[in-house]
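# A look at the structure
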Amino acid sequence: MIKTASLLQCLALTFGGTLSLSYAECPTWEDLLAEESVIEVNIARRASIFVGYVNPPQLGVCFLGEELYNELIEGLLKKLPDRHFFWIGGSHSLDMVDTITRTSMLQGDQEIHFDLATKLSGKRSFPSIETEILVSFEGEIDFTDGVTIFFTGFRGNYSNEYWLPDQYLTE
């Protein structure tokens, strides 16, 4: 039993060390926006949310930090390979619970609603992001075809197209 526990600890340390070396350099916020790994969805006259896909390790570590991403990959992504995670950030004035209930995705004729959400805490290095939430759903999604992320507001719908950049499609 002790040998098994030691082996698992070694594997976890090895995997974590490899991940930190492989994905230590995150793109800047400006680069994430420029390559459209994160997109802005204007949801009101003076409010926006920013959305990014978390499953690829390079992006997941950047959005969540290494420790939280390692917990996510060990706890859920390996056990539930059809679960897709998205990071959503915004200003402190946003009620993220309300925002999430009004946010969904559309791909083709399939409307996708998030079924799990977890508020994130801790200091992040993204400018103007004061509140964050991790949302997910289980199902299929094809990023070679892109998705429309939309928010249903009191004064209408707001949307933006999200295409996962090619460099993350194979990860």
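Residues numbered from 1 in each chain as written. Predicted model: local features only at pLDDT ≥ 70, side-chain atom pairs only at ≥ 80, totals over all residues. Heavy atoms only, no water.

### Let's talk about the pairing of strand 7 (residues 131–138)
So the rule is basically this: Relative accessibility under 20% of the residue-type maximum defines a buried residue, over 50% an exposed one, and the middle range a partly exposed one, all with a 1.4 Å probe and only protein chains included. Helix and strand definitions here come from DSSP, where helices need a minimum of 4 consecutive H or I residues and strands a minimum of 2 consecutive E residues; each element is numbered from the N-terminal end. Note on pairing: two strands pair once DSSP finds at least 2 bridges between them.
Counting buried residues along strand 7, seven of its eight residues qualify, which places the element largely inside the surrounding structure. By the bridge criterion, eight bridges tie strand 3 (residues 83–90) to strand 7 in an arrangement that is antiparallel. Bridge pairing in strand 7 places G90 opposite T131.

### A short note on helix 4 (residues 66–77)
Just so we agree on the cut-off: In this description, the arc belongs to the directions extending from the helix axis to the C-beta atoms.
Of the positions making up helix 4, those classed as buried are Y69, N70, L72, I73 and L77. Across the axial projection of helix 4, the buried residues extend over an arc of 160 degrees, all falling on one side.

### Here we look at the packing of aromatic side chains
For the record, the criterion: When the centres of two rings from Phe, Tyr and Trp lie within 6.5 Å, Trp using its six-membered ring, the rings pair. Their planes under 30 degrees apart give stacked, over 60 give edge-to-face, and anything left gives tilted.
Going through the model one piece at a time under the given rule, you end up with 14 aromatic pairs. Where F63 meets W87, the ring centres are 4.9 Å apart and the plane angle is 20 degrees; that geometry is what we call stacked. Taken as a pair, F63 in helix 3 (residues 57–64) and W87 in strand 3 lie far apart in primary sequence, 24 residues in all. Both residues of the pair, F63 and W87, count as buried. Where W87 meets F126, the ring centres are 5.4 Å apart and the plane angle is 70 degrees; that geometry is what we call edge-to-face. In this pair, W87 sits in strand 3 while F126 sits in the loop between strand 6 (116–120) and strand 7, placing the two residues 39 residues apart along the sequence.

### Brief notes about the layout of surface pockets
How we decide: The method works on a 1 Å grid over the protein atoms by themselves. A cavity is a set of points holding a 1.4 Å probe that cannot get out, a pocket is an open set with protein on both sides within 12 Å along at least five of seven lines, and residues with an atom within 4 Å of a point line them. Grid points are joined across faces, edges and corners, and a volume is the space filled by probe spheres set on the points. Gly counts as polar in this scheme, as do all residues outside two lists: the nonpolar Ala, Val, Leu, Ile, Met, Phe, Trp, Tyr, Cys and Pro, and the charged Asp, Glu, Lys and Arg.
Quantified by volume, the largest pocket comes out at close to 340 Å³. Every residue lining the largest pocket is counted, 15 residues in all, and those nearest its centre are I43, A44, A47, F151 and F154. Of the volumes computed, that of the second largest pocket is approximately 180 Å³. Lining the second largest pocket are L68, E71, L72, L76, F85, L116, A117, T118, L120, L134, V135 and S136. Only helix 4, strand 6 and strand 7 provide two or more residues apiece to the lining of the second largest pocket. Its residues placed into classes, the lining of the second largest pocket shows nine nonpolar, two polar and one charged.

### Details of the sheet that holds strand 7
Put simply, the rule reads: Each axis is a line fitted through C-alpha atoms, taken for helices only over the stretch in contact, and angles between the N-to-C directions span 0 to 180 degrees. Contact between two residues is taken to exist if any of their heavy atoms lie within 4.5 Å; hydrogens are not considered.
Across the sheet, five strands lie side by side as 1-2-3-7-6; this open sheet has antiparallel pairing. Looking along the sheet, the strands with just one partner apiece sit at the ends: strand 1 (38–44) and strand 6. On average, each strand axis in the sheet is inclined to that of its neighbour by 25 degrees, with strand direction left out of account. The sheet strands contacting helix 4 are strand 3, strand 6 and strand 7, and the helix crosses strand 3 at an angle near 150 degrees.

### Observations regarding the state of the cysteines
Short version of the rule: Here, a disulfide means two cysteine sulfur atoms that sit within 2.5 Å of each other.
If you walk through the whole model with that rule in mind, you get one disulfide. Each sulfur in the disulfide pair C26 and C62 lies 2.2 Å from the other. One disulfide, between C26 and C62, carries an S-S torsion of -105 degrees and so falls in the left-handed class. Of this pair, C26 sits in the loop between helix 1 (2–22) and helix 2 (29–34) while C62 sits in helix 3, and the two are 36 residues apart along the sequence. Since its relative accessible area comes to 11%, C62 is described here as buried.

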